[in-house]
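# Geometric and topological summary
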Amino acid sequence: MGDTVHYSDLGLVNTREMFTKAVGGGYAIPAYNFNNLEQLQAIVTACAETSSPVIIQVSKGAREYANATMLRYMAMGAVKMAREMGSQIPVCLHLDHGDSFEICKSCVDNGFSSVMIDGSHLPYDENVALTKRVVEYAHRFDVTVEGELGVLAGIEDDVQAEESTYTKPEEVEDFVKKTGVDSLAISIGTSHGAYKFKLQEGEEVPPLRFDILEECQKRLPGFPIVLHGASSVVQEYVQLINQYGGKMEGAVGVPEEQLRRAAASAVCKINIDSDGRLAVTAKVREYMAAHPGEFDPRKYLGAARKELVELIKHKNEAVLGSAGKA
Ligand code: G3H
Ligand code: 13P
Ligand code: ZN
């Protein structure tokens, strides 16, 4: 991509003000991943209708899938669409799990208002050095940066971690001071994907490590904390998927009460991807089963998009508390 653009020209905002308000207000900003038109339309519709600030985020895989230039214009279109709906919600375009200085730089240069540099798999000093380098570049353009300490289990792009490593609270102050990050993702027991916990028959989902979160909060008063891997893995969708030919046994996520508790704390950004994927898959399968002769993608993707709007409204209103905060 040759031409560079600043995010302010696309109508986007960085996370600074959003996070200050969310930390003070005891709610969290939703960060929804998108890869295609219908997902983005649903996010915009639901957030405009619930008057919620929103972070639309793109993984490295999404950039490869959808094309980076296309994503830039889609984000610009998302802001315009919200405005045409009569909504002034702040919209941030964020890189999810950037794994190199180069990808972060490319996003800063191409209209992203926020980037994550995920050096969580690196030794501490290397994570500090890489994150600091990204912060120095991004801040020149007032792009905000999210770093990560501690490793989440599950798959992130091509990186698979079998076991999670909880964030060490004794490292957080030093990391934030040395790197200058604007927010910090921590590992307190969530994981990526639809299989977050391996439960035996009759076993309940274990509680997140709120003790670690509280310890981090104590050491970084008022500092924005981010929670990844925060899908609830809505069982209604898992059942629909299994009912209509899918096979997703043992899929389980983070209960909503735990997310509500996190949102009321210093956690001011909650990442949700898998729940959206489940909603889309469940509704496409259901639609296809009921209409075997249908071959117009607008029909089955339209059904999926409609469900996604309902899901996102529910998250904003009943889980994150971001509804009405725009
Ligand atoms: O954290 C990972 C996100 O859910 C993005 O997933 O890398 O498959 O696009 P992806
Ligand atoms: P889920 O897989 O729980 O939706 O997590 C998404 C995420 O953390 C994206 O960065
Ligand atoms: Zn993540």
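Quick note: structure is the one above.
First, a word on what this report is: a plain description of the structure on this page. (Residues numbered from 1 in each chain as written. Chains lettered and ligands numbered in written order. Predicted model: local features only at pLDDT ≥ 70, side-chain atom pairs only at ≥ 80, totals over all residues. Heavy atoms only, no water.)

## Notes on the side chain of Ser274
- If you trace the backbone, Ser274 turns up in helix α11 (residues 274–290).
- With near-sequence residues (within four places) excluded, Ser274 lies in contact with Gly193, Ala194 and Ser231. (Helix = DSSP H or I, 4+ residues; strand = E, 2+ residues; numbered from the N terminus. Contact = heavy atoms within 4.5 Å.)

## With respect to the coordination of the zinc ion (ligand 3)
- Looking at the zinc ion (ligand 3), the protein donor atoms are His97 (NE2), His192 (NE2) and His228 (ND1), and they sit 2.1 Å from it.
- Along the chain, the residues donating to the zinc ion (ligand 3) are arranged with the sequence spacing H-x94-H-x35-H. Highlighted residues: His97 in strand β3 (residues 91–98) and His192 in the loop between β8 (183–186) and α8 (210–219), separated in sequence by 95 residues. Across this residue pair, the class does not change: His97 and His192 are buried. (Donors = N, O, S within 2.8 Å, 3.2 Å for Na, K, Ca; no water. Buried < 20%, exposed > 50% of the residue type's maximum accessible area, 1.4 Å probe, protein only.)

## A look at empty space enclosed by the protein
- Overall, the coordinates contain 1 cavity of 30 Å³ or more when judged by the stated rule.
- Space inside the largest cavity adds up to approximately 110 Å³.
- What lines the largest cavity is Tyr32, Asn33, Gln39, Ile43, Ile272, Asp273, Gly276, Arg277, Leu308, Leu311, Ile312 and Lys315.
- Within the residue set of the lining of the largest cavity, elements represented by two or more residues are β1 (29–33), α2 (37–49), α11 and α12 (297–320).
- Sorting elements by how many residues they give to the lining of the largest cavity places α12 first, with 4 residues.
- Taken together, the residues of the lining of the largest cavity sort by class into 6 nonpolar, 3 polar and 3 charged. (1 Å grid on protein atoms, 1.4 Å probe; cavity = no way out; pocket = protein on both sides within 12 Å on 5 of 7 lines; lining within 4 Å. Points joined across faces, edges and corners; volume = space filled by probe spheres on them. Nonpolar A, V, L, I, M, F, W, Y, C, P; charged D, E, K, R; others polar.)

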